[in-house]
Each structure stands twice: as C-alpha cells, then as structure tokens.
Amino acid sequence: MRQAKLQVLGLCRWSYPSQTGAFNNKGESLEALQRELYAEARMAVRLFFLEHLVLPSLRAQSDPDFTLVLMLGERLPEPWRSRVLELVQDVAQVKPVFLPEGQNHMEACTALMRDHRDLSADVVVEFRLDDDDAVACDFVAQLRGLYRQLRPIYKANKRVAVDFCRGFLFRCEADGGVSYLPVEARLWTPALALYLPPDHPRSLLNYPHMRTWRTMPVLSLNKRPMFVRGGHDGNDSAIKERKVDSFRYQLEKLPAVMAAEFGIDLEAFEAAWAKVCA
C-alpha cells in the first residue's frame, strides 16, 4: 500500500481585527477594535505568550515538516510588528501573513488555510493554536503516525478528528503569579486536529470545535498531556464557562516535563510573566 502524503497545516490568529461584532468585541467600529487589540498593555501580554509558550513548543517539534500560518492585521503598528517578525524569524515553519483588516473572520480564516494547502497531498491535517497555547514536541509526529490507524475511518467519512484531551492550564494572574492545573477537557482548541481532503471547501474554523463530534468521527486520546493552555484576564471567562476535569499529577515534575516534552523553560516563563505584570 502506498504511503499517504500528509500535509500538517496550522493556524494562529494573532490579534487580527476582523469585522466588528466578532468574538467578544463590542462591535462599535473597526477603529475602536483596533485601539482595543493594539493597546500597549494587551500587546505586551500577547508577545509574552508568543515568545515563551507558543514558539518554544513549535521549535521543539520532533517532526519539522509542518507549516503554521500566523494571521496578522496589515495595520499592526510598530513596535509590535517588528517584534513579532523578530520572534518568528528563526522558526522556518511559521509563515506570517498580513491581511486587510475588517474582513469576515470565518471567511478570511478559511481562505487563508485553503490558500496554503498542498493540493498534491492526499490528506491535509489542520490544527489551530490560540496565541497563548502550546503543544507537546511530538504533536506533529503523532498526527502523522495516527493516520495509519485512522485511515479506514477517514476513507469512509472523508474527514475525521483527533482530540488530545489531556494537558495543563497555566493560570497567569494579574499580580504576576502563575499556577498550574492538570486538566482533561474535551474538544478544547489546542491539540485538536482535523483530517480533511486538500480540496475540501471548508476548513477547521468552519467546524465549531465543541461540536466537532456532530460532524465527523472523533478519536479522543488522554494517555498523556499534549497541550498547554494559557489562562489570563483576556480569556478567563471563556475557560471558566467550560467544564473540565483534573487528573492526578505531581506538579514538582512539571519543570522537567515542560523542558523535555514542550520545549518550555518554566523558570523563564514565570520570570517573564512577573516582568510583564510589574
């Protein structure tokens, strides 16, 4: 049997000002949304997570054959624009794309992912990282390896999803402290991936992640932690509204595990967060 050609393609939306009314913004005007998203204090937090959580886990991937499209607004001001480009310049898999602002968010994300698909691939494996999340260093390798088991299901349904549902919540508090919670959460966005035909008219953003199970088979795996989700003032309400379970874990092992399995320096992470909050 010929080995299938898989393309692993990710999306990270980095403070992109979409049309008014999207997500939790008030929808007053595009200019008001730009002021909110590009505010200095907010940018400092987003750069912190990009530098100390998102990018370390991507650099550490054991399988380097993947692409992550970094979706940015074309009017992202300095010094943030230069700082983002500086941070990603040594991660060849990260492709920054600056888009006109004020677009329909779903349509812009779908078009962006479709534009970056390899139509010569047999299957495209799409994932997304929020700009405060991370995945384990063998995430890409796992997605490739699992296809051998998923292939019959994929062939029968033309799409299938994998949900790595065990990970950690890093709660970054406004006083500069950080706490850690081992969590099991079904269909959270980090470490959730969809296997789709390259010519499929839809992309993973067209499938609400909490309802993925209603549109395709989903394989849930909770053998070991595969994601980190950053919790802070910018997203705490959404996290609190979703039911999660905890699992028993010796947190004293966490610094070594983060370094070996996620590429994350926990001491540097904590020190940098304290500096952001100072």
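Scoring rules and cut-offs
Residues numbered from 1 in each chain as written. Predicted model: local features only at pLDDT ≥ 70, side-chain atom pairs only at ≥ 80, totals over all residues. Heavy atoms only, no water. Core = buried A, V, L, I, M, F, W, Y, C linked by side-chain atoms within 4.5 Å. Buried < 20%, exposed > 50% of the residue type's maximum accessible area, 1.4 Å probe, protein only. Pairing = 2+ DSSP bridges. Helix = DSSP H or I, 4+ residues; strand = E, 2+ residues; numbered from the N terminus. Contact = heavy atoms within 4.5 Å. Axes fitted to C-alpha atoms, helices over the stretch in contact; angles between N-to-C directions. Parallel < 35°, antiparallel > 145°, perpendicular 65-115°, else oblique. Nonpolar A, V, L, I, M, F, W, Y, C, P; charged D, E, K, R; others polar. Salt bridge = Lys/Arg side-chain N within 4 Å of Asp/Glu carboxyl O. Polar contact = N/O pair within 3.5 Å; in protein donor to acceptor, adjacent residues only side chain to side chain.

Student: I'm lost on the nonpolar core in this one. Help?
Tutor: One recurring pattern in soluble globular proteins is that nonpolar side chains are buried together. Trp-14, Leu-58, Phe-139, Phe-170, Tyr-195, Met-258 and Phe-269 are the most contacted members of the largest nonpolar core, which totals 70 residues. Core analysis: the next-biggest nonpolar cluster, separate from the first, contains 21 residues, Tyr-16, Val-124, Leu-187 and Tyr-207 among them.

Student: Any chance you could explain the sheet that holds strand E8 (residues 178-184) here in plain terms?
Tutor: Strand pairing in a sheet relies on backbone hydrogen bonds, with the paired strands running either antiparallel or parallel. Spatial ordering of the open sheet is given by E5-E11-E7-E8-E12, a layout of five strands whose pairing is mixed. Looking at the sheet topology across the chains shown, the edges are occupied by strand E5 (133-135) and strand E12 (245-246). Pairing of E5 with strand E11 (residues 227-231), which is carried by three bridges, proceeds in the antiparallel orientation. Bridged to Val-135 within E11 is Phe-227. Contacting E5, strand E7 (166-172) and E11, helix H2 (residues 40-59) runs over the sheet at an angle of about 20° to E5.

Student: Sorry if this is basic, but what is going on with the sheet that holds strand E1 (residues 6-13) here?
Tutor: Pairing in this open sheet of seven strands is mixed, and the strands run E3-E2-E1-E4-E9-E6-E10 from one edge to the other. The outermost strands of the open sheet, each flanked by one partner alone, are strand E3 (94-99) and strand E10 (218-221). Averaged over neighbouring strand pairs, the angle between their axes works out to 20° when direction is ignored. Pairing of strand E6 (residues 160-164) with E10 involves four bridges; the strand directions are parallel. Bridging across to E10, Phe-164 finds its partner in Leu-221. Here helix H3 (residues 80-88) sits on the sheet in contact with strand E2 (67-73) and E3, set at roughly 160° to E3.

Student: I keep staring at the packing of H2 against helix H8 (residues 266-277) and nothing clicks. Help me out?
Tutor: A pair of packed helices is captured by two measures, namely the crossing angle of their axes and the spacing between those axes. Where H2 contacts H8, the axes come no closer than 10 Å and their chain directions differ by 170°. By the angle class used here, H2 and H8 are roughly antiparallel. Note on element contacts: H8 touches H2 through Ala-268, Phe-269, Ala-272, Trp-273 and Val-276, opposite Ala-44, Val-45, Phe-48, Phe-49, His-52 and Leu-53. Each residue belonging to the contact of H2 with H8 can be placed in one class, and the counts come to 10 nonpolar, one polar and no charged.

Student: When you look at helix H1 (residues 30-37) in this model, what are you seeing that I'm missing?
Tutor: Helical periodicity: at 3.6 residues per turn, an α-helix aligns residues three or four positions apart in one direction. Here H1 has its buried residues at Ala-32, Leu-33, Gln-34 and Leu-37. In the core, the buried residues of H1 are packed alongside H2.

Student: Can you walk me through the pattern of salt bridges in this structure?
Tutor: Any two side chains of opposite charge can pair, given that their charged atoms come close. Per the stated rule, a full pass over the model turns up 14 salt bridges. One salt bridge connects Arg-171 with Glu-173, and the closest N-O pair in it is separated by 3.6 Å. By relative accessible area, Arg-171 is classed as buried at 19%. A relative accessible area of 30% places Glu-173 in the partly exposed class. Members of the salt-bridge network, linked through shared partners, are Arg-46, Asp-131 and Asp-132.

Student: Quick question: what am I supposed to make of the packing of H2 against H3 here?
Tutor: Here H2 crosses H3 at 10°, and the two axes come no closer than 10 Å. One way to sum up the angle between H2 and H3 is to call them roughly parallel. Residues Glu-40, Met-43, Leu-47, Leu-50, Glu-51, Leu-55 and Arg-59 of H2 pack against Trp-80, Arg-83, Val-84, Leu-87 and Val-88 of H3.

Student: Even after reading the chapter, I still don't get unusual backbone geometry, so can you show me in this structure?
Tutor: Note: most peptide bonds trans; most residues except glycine with negative phi. In the segment running from Glu-78 into Pro-79, the intervening peptide bond is cis, with an omega of 5°. Relative to the helices and strands, Pro-79 resides in the loop between E2 and H3. Look at Ser-15: it is not a glycine, yet its phi comes out positive at around 55°. By secondary structure assignment, the location of Ser-15 is in the loop between E1 and H1. The phi angle at Lys-158 is positive, at roughly 65°, despite the residue not being glycine. Here Lys-158 lies in the loop between helix H5 (139-157) and E6.

Student: Sorry if this is basic, but what is going on with the environment of Lys-5 here?
Tutor: Residue position: Lys-5 is located in the segment before E1. Between the alpha carbons of Lys-5 and Ala-121 there is a distance of 5.1 Å; along the sequence they are 116 residues apart. Beyond its immediate sequence surroundings of up to four residues, Lys-5 is in contact with Asp-118, Ser-120, Ala-121, Asp-122 and Val-123. There is a polar contact of 2.6 Å between the side chain of Lys-5 and the side chain of Ser-120.

Student: How do you make sense of the environment of Phe-227 when you look at a structure like this?
Tutor: Locating Phe-227 in the fold gives a position in strand E11. The class for Phe-227 is buried, based on a relative accessible area of 0%. Between the C-alpha atoms of Phe-227 and Tyr-249, which are 22 residues apart in sequence, the distance is 15 Å. Setting aside anything within four residues of it in sequence, one finds Phe-227 in contact with Ala-134, Val-135, Phe-164, Cys-165, Arg-166, Gly-167, Phe-168, Val-183, Trp-188, Pro-190, Ala-191 and Phe-262.

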